Amino acid sequence: MSDQAFYSGLQAKLETLRNDGLFKPERVIASRQGAIVTAQDGRTLINMCANNYLGLSGDEQTSTAAAAALEKYGYGLSSVRFICGTQTVHKELEQKLSEFLGTEDTILYAAAFDANGGVFEPLFDENDAIISDALNHASIIDGVRLCKAARYRYANNDMADLEKQLIAATEAGKRHKIIVTDGVFSMDGTIAQLDKIVELAEKYGALTMIDESHASGFMGKTGRGTHEHCGVIGKIDIITGTLGKALGGAMGGFTSGRKEVIETLRQKSRPYLFSNTLAPMIAGASLSVLDRISKSTELRDRLHENTAYFRKEIERIGFTIKPGTHPVVPVMLFDAPIAQKFAARMFELGVLLSGFFYPVVPMGQARVRVQLSAAHTREQLDTVLKAFEQAGKELGILKNQ
Ligand SMILES: *Cc1c(COP(=O)(O)O)cnc(C)c1O
């Protein structure tokens, strides 16, 4: 405690964040997660900013399954997987995830952040090339940094640029090349063009990896993910994803692919080797979630109905959205102060939303991001749309105003 300058330096940096409007306060929720949440002050809000796509986070069946696994397997294991932290429930979940994703084997992590952080370094070295979309998630960027492979970056979702980078890596004589992309980009709701990516990978002899955090459980006809949506099941080499969004929402991540890949990760991946096993109640609840969504597409269908309805109605009111079909709906306000005012006004009107502005999104692209859920009722969506209309009119930003 003798270096005062260290602490005053931090205080100054925090002050700058506050002054620049970049400080991220935490809203405190006093209830379960869901379409409706209770704020700390007792107000109820319609929640439009959770990654709770299937509505399973605060769901009773999910809690019951977790409680059953808690009872059977206990609270924790106080061990990494390879010492004494592997229970039957972990092996069952790995097998069920493989079946669900259409792969050979799956390895669990404490988070998708760890899955991405620990996937590159064991598999690739300085002779290899990682070709990564410019908007890939922070955990992919960090994972790539921990690996000695050469890095190539292509402009977001730009297939011509991807091909350019593939040619560059080939000309540099790289041994293995892997194309890495988010299956869905969470700021824009953009879906990666996996059919084209697979074609390019075949043309240049490259491997492919997708991060399915905003897709597993609801993209594609039966919710298997972006690879199902794009018709390339069985053609992606490595799939990473989270249990912390649609698939129950607690925490946990996974990497899935060919047996030899997963076995190598079990032997060499540092976040797996040196971090605790996934809590058994999460593994048990995740199994029940997979079982539920494998038996019926009801939740997934309701999510997509809600999404289509909201996208159509919000445009009719006079807002501009990024076109698409994903339940992430960026409502464009362009101007950062307006986005902030808008989100604050929506909060007063009882709607929980998050505003995004530079540097999280490009300058002049400020927005509020709406995320639909299977848990939202039509009535709740109509209430939210009314609030949008009112706040939009007050701020004078509707197209037909
Ligand atoms: C949320 C997210 C992650 C991190 O998932 P956690 O399981 O919460 O660590 C990784 N990648 C992408 C694309 C994400 O959206």
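Our focus in this paragraph is the overall build of the protein. Across its full length, the protein holds 15 helices and 16 strands. The principal-axis extents of the C-alpha atoms in the protein amount to approximately 60 × 60 × 55 Å. Within the protein, buried positions represent 50% of all 401 residues. The contacts of the protein with a sequence gap of at least 6 include a subset with a gap of at least 24, amounting to 69%. Accessible surface computed for the protein: about 18700 Å², of which carbon and sulfur atoms make up 53%. Across the protein, the 45 positively charged side chains and the 47 negatively charged ones have centroids separated by 1 Å.

Moving on, we get to empty space enclosed by the protein. A complete count under the given rule lists four cavities of 30 Å³ or more for this structure. When its volume is computed, the largest cavity comes out at roughly 60 Å³. Every residue lining the largest cavity is listed: Arg81, His90, Leu108, Tyr109, Ala110, Pro271, Tyr272, Ser275, Asn276, Thr277 and Leu278. Broken down by secondary-structure element, the contributors of at least two residues to the lining of the largest cavity are strand S3 (105-109) and helix H11 (270-273). The class makeup of the residues in the lining of the largest cavity is six nonpolar, four polar and one charged. Contributing to the lining of the second largest cavity are Gly34, Ala35, Asn47, Cys49, Ala50, Asn52, Gln371, Leu372, Ser373 and His376. Its residues assigned to classes, the lining of the second largest cavity comprises four nonpolar, six polar and no charged.

The immediate surroundings of the ligand are formed by 13 residues, with Ala112, Asp211, His214, Thr242 and Lys245 found nearest. A distance of 2.9 Å separates an oxygen atom of the ligand from a polar atom in the side chain of His214. When isolated, the ligand has an accessible area of 390 Å², and the protein chains bury 83% of it. When residues in the shell around the ligand are grouped by element, the largest group, three residues, is from helix H5 (residues 112-117). Among the residues making up the shell around the ligand, the classes are represented as three nonpolar, seven polar and three charged.

Turning next to the sheet that holds strand S11 (residues 253-257). Read across the sheet, seven strands follow the order S3-S11-S10-S9-S6-S4-S5 without closing on themselves; strand pairing throughout is mixed. Here the strands that pair on one side only, and so sit at the sheet edges, are S3 and strand S5 (150-154). Between one strand and the next, the sheet's axes are offset by a mean angle of 20 degrees, whatever the strand orientation. Pairing of strand S6 (residues 177-182) with strand S9 (residues 207-211) involves five bridges; the strand directions are parallel. Along S9, the bridge assignment pairs Ile179 with Thr208. Contacting strand S4 (129-133), S5 and S6, helix H7 (residues 159-171) crosses the sheet at an angle of about 160 degrees to S5. In the packing of helix H8 (residues 194-204) onto the sheet, the strands contacted are S5, S6 and S9, and the crossing angle to S6 comes to about 175 degrees.

All right, on to the pattern of salt bridges then. One pass over the structure, following the stated rule, counts 24 salt bridges. Between Glu60 and Arg32 there is a salt bridge, with its nearest N and O atoms 3.1 Å apart. Linking Glu60 in helix H2 (residues 60-73) with Arg32 in the loop between helix H1 (4-19) and strand S1 (36-38), this pair joins segments that are 28 residues apart in sequence. By relative accessible area, Glu60 is classed as partly exposed at 49%. The exposure class of Arg32 is partly exposed, given its relative accessible area of 45%. Two residues, Glu313 and Lys312, come together in a salt bridge whose shortest N-O distance is 3.2 Å. Here the salt bridges do not stand alone but share partners, grouping Arg81, Lys91, Glu94, Asp105 and Arg266 into one network.

Reading the values: the criteria
Residues numbered from 1 in each chain as written. Predicted model: local features only at pLDDT ≥ 70, side-chain atom pairs only at ≥ 80, totals over all residues. Heavy atoms only, no water. Helix = DSSP H or I, 4+ residues; strand = E, 2+ residues; numbered from the N terminus. Buried < 20%, exposed > 50% of the residue type's maximum accessible area, 1.4 Å probe, protein only. Contact = heavy atoms within 4.5 Å. Areas by Shrake-Rupley, 256 points an atom, 1.4 Å probe, with all protein chains shown as cover. Lys, Arg positive; Asp, Glu negative; His and termini not counted. Charge placed at Lys NZ, Arg CZ, Asp CG, Glu CD. 1 Å grid on protein atoms, 1.4 Å probe; cavity = no way out; pocket = protein on both sides within 12 Å on 5 of 7 lines; lining within 4 Å. Points joined across faces, edges and corners; volume = space filled by probe spheres on them. Nonpolar A, V, L, I, M, F, W, Y, C, P; charged D, E, K, R; others polar. Near = heavy atom within 4 Å. Polar contact = N/O pair within 3.5 Å; in protein donor to acceptor, adjacent residues only side chain to side chain. Pairing = 2+ DSSP bridges. Axes fitted to C-alpha atoms, helices over the stretch in contact; angles between N-to-C directions. Salt bridge = Lys/Arg side-chain N within 4 Å of Asp/Glu carboxyl O.

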